[in-house]
Amino acid sequence: MTWTQIGWSIIALAAVLLAGFSLLFRRRYQYLVRKNPAVKRLQDQRVIAVERGVGRQVVLGEGLWTHAYPGLGLHALSMLPGMVSPEDSVEGGQVISTGSGALVLFARQIVQGCYQDGFSPGLQERVLPVSLPGPTPLSFSAGLLPDLSTQPPGSLAMFGSFGLSAPLWAEAAQIKGGHVFAAAGSITAQAALFLNVRDLLIGEEVFMLPGLMEPTASNQAGWLTEDILRVSLMALLIVAAILKMAGLL
Amino acid sequence: MKKIIPIIIACGTGLTVLAGYFFQDRLAPVLGLLIHWGISLVGLAGLIGIAYLVRMHFFRIARRQKGAFYSVIVLIAFFFTFITGLILTPHNAIYRDWVLNIQVPVEASLLAILSVTLLYASLYLIRTRGWTPMSVGFLVGALVSLILNLAVLQFQPGSMGAVWALFLRRLPLAGLRGILIGMALGGLIVGLRVFLAIDRPYEGE
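Everything numeric in this text was worked out from a predicted model, so none of it was measured. (Residues numbered from 1 in each chain as written. Chains lettered and ligands numbered in written order. Predicted model: local features only at pLDDT ≥ 70, side-chain atom pairs only at ≥ 80, totals over all residues. Heavy atoms only, no water.)

## What about a nonpolar patch on the surface?
All names here are of chain B.
Then step 1. On the surface, a cluster of nonpolar side chains totalling about 690 Å² of accessible area is made up of Phe-58, Phe-79, Phe-82, Ile-83, Leu-86, Ile-87 and Leu-88.
Then step 2. When residues of the nonpolar patch are assigned to their parent elements, the largest contribution, 6 residues, is made by helix α3 (residues 68-88).
Then step 3. You can see Ile-83 is positioned in helix α3.
Then step 4. With a relative accessible area of 44%, Ile-83 lands in the partly exposed category. (Patch = residues over 30% accessible without salt bridge, like charges linked within 9 Å, V, L, I, M, F, W, Y side chains within 5 Å. Areas by Shrake-Rupley, 256 points an atom, 1.4 Å probe, with all protein chains shown as cover. Salt bridge = Lys/Arg side-chain N within 4 Å of Asp/Glu carboxyl O. Helix = DSSP H or I, 4+ residues; strand = E, 2+ residues; numbered from the N terminus. Buried < 20%, exposed > 50% of the residue type's maximum accessible area, 1.4 Å probe, protein only.)

## What to know about the packing of helix α6 (residues 133-150) of chain B against helix α7 (residues 160-195) of chain B
Residue and element names in this part refer to chain B.
Then step 1. Where α6 meets α7, the axes come as close as 10 Å, and the angle between the chain directions of the two elements is 125°. On the basis of their axis angle, the class for α6 and α7 is oblique. Handedness of the crossing formed by α6 with α7: left-handed. Residues Val-144, Leu-148 and Asn-149 of α6 form the contact with α7, whose participating residues are Ala-165, Leu-168 and Arg-169.
Then step 2. Per-class residue counts for the contact of α6 with α7 are 4 nonpolar, 1 polar and 1 charged. (Axes fitted to C-alpha atoms, helices over the stretch in contact; angles between N-to-C directions. Parallel < 35°, antiparallel > 145°, perpendicular 65-115°, else oblique. Left-handed = near helix turned anticlockwise from the far one by under 90°. Contact = heavy atoms within 4.5 Å. Nonpolar A, V, L, I, M, F, W, Y, C, P; charged D, E, K, R; others polar.)

## What about the pattern of salt bridges?
Once the charged atoms of two side chains with opposite charge are near each other, the side chains can pair.
Residue and element names in this part refer to chain A.
Then step 1. Under the criterion given, the structure shown has 5 salt bridges over all chains.
Then step 2. Asp-199 serves as the salt-bridge partner of Arg-41, at 2.6 Å between the closest nitrogen and oxygen. Placement of Arg-41 in helix α2 (residues 37-52) and of Asp-199 in strand β6 (residues 199-201) is noted, with a sequence separation of 158 residues between them.
Then step 3. We classify Arg-41 as partly exposed; its relative accessible area is 27%.
Then step 4. On the basis of relative accessible area, Asp-199 is assigned to the buried category, the value being 2%.
Then step 5. Linked through salt bridges whose partners overlap, the residues forming this network are Glu-226, Asp-227 and Arg-230.

## With respect to helix α1 (residues 4-22) of chain B
Then step 1. With 19 residues, α1 of chain B should reach 27 Å at 1.5 Å per residue; the first-to-last C-alpha distance of 27 Å fits that figure.
Then step 2. Turning to α1 of chain B, its buried residues are Cys-11, Gly-14 and Gly-20 of chain B. (Expected span 1.5 Å × (residues − 1).)

## Quick notes on the nonpolar core
Then step 1. Counting 40 residues, the largest nonpolar core has Leu-60, Ile-96, Phe-159, Phe-181, Leu-201 and Leu-209 of chain A as the members making the most contacts within it.
Then step 2. Residue assignment for this core shows that the elements contributing at least two residues are α2, α3 (72-83), α5 (101-115), β5 (179-183) and α10 (209-213) of chain A together with α2 (24-62) and α7 of chain B.
Then step 3. Broken down by element, the residue count for this core peaks at 6 residues, all from α3 of chain A.
Then step 4. If we skip the residues at most four places from it in the chain, Leu-60 of chain A touches Ala-76, Leu-77, Leu-80, Ile-96, Ser-97, Thr-98, Leu-103, Ala-107, Phe-159 and Gly-160 of chain A.
Then step 5. The next biggest cluster of nonpolar side chains, apart from the first, holds 29 residues, and it includes Leu-144, Leu-156, Phe-162 and Ala-170 of chain A. (Core = buried A, V, L, I, M, F, W, Y, C linked by side-chain atoms within 4.5 Å.)

## With respect to the sheet that holds strand β4 (residues 153-158) of chain A
All names here are of chain A.
Then step 1. Reading across the sheet, the 6 strands line up as β3-β2-β1-β4-β5-β6 and stay open at both edges, with parallel pairing between neighbours. Each end of this open sheet is capped by a strand with a single partner; those strands are β3 (130-131) and β6.
Then step 2. Where strand β2 (residues 94-97) meets β3, 2 bridges bridge the pair, whose relative direction is parallel. Of the residues in β3, the one forming a bridge with Ser-97 is Ser-131.
Then step 3. On the sheet, helix α7 (residues 137-150) packs against β1 (55-59), β2 and β4 and is oriented at approximately 165° with respect to β1. (Pairing = 2+ DSSP bridges.)

Worth remembering: the numbers are spatial, not functional.
Right under this line is the structure:
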């Protein structure tokens, strides 16, 4: 068996497990949701920001697709339904920012989709603003930083694919007393954000976030599938290491 | 029907691209065509994004919001660069020099600010995160990595010190791979959820 075939077997197994668990959880079973204090703080801070009448900034990253981290853009979009509610539209203090045209289009579609069953046509018209401060990583930072200074957010949530400039956004929000939460980004961004962001999710924790925010059946199915794959992969790596040390591999 | 068509298109495209990896000889032309379509659509989305950006700055000026002056500068620079680029084309040496001589110093100054921010944040790491195993480990790891990369410590090849130095140099690589494997599994599940139409961002769900 070649490494490519092993890879495809993992993908096929993941697809079967995901489809199976989605059906199972949609009927009645549930997978227990783990608690994460960082996510709880994000939710609390967003509520506090609404009560204080200050803004909430959601950053969906600088691109929909990158070669090194292909799933991060989609992950940011999957987070979005959990971050928009009719209250956000009425209150009007939330801004969604991205650094890519494709992300803007998808984000707008998701936001409008969330409000299509709204309470009134008037509410549907007041859809949350999705802005594009800049279409490249540098221009995105250059456009976002003044926004964070002129309209300091009470809560800044960063998702998706972003690079080393993310600590600057975090610092700009924190210096004005805003709470910062970050998930995802490149490895270098995660290392840099570790220094100045307390509520930071790294590695596979990032992909569990939609389930922590909104434990739907599909999110729970994704969680369980990811858990099974991760434990299997860990067991395989340990067995392979033992076999290698014993000289059998 | 309105919901089924996008699902069929998304799943059909995904299946074709996946099948293209298995049957490269037969599906190479179809795969190339799909990728070209994808690139064109992403390019179009980029144009729409730029239109959003321009509209946002126009609104800011029209409503005389805070920072409207910067929006004026952005729009003047944007239209000047855009029109000059259309006339001279990006291959023109003067145009390229003009753009790069603005872009490179701005990027460099942003990186300089970033390095100061990171230095400042690293000094206050314990205050931000407290004395946790993660923060102490991060600090010790960064310190050891700095010392090893300074090449101040030299070890005889084959000595115990050299073996330890090699082990310590490999530790970050092991951690990096662990994080990347976790992220790859997460990315796989996200992709499969779209592929199996469990998540449908193209429908706003």
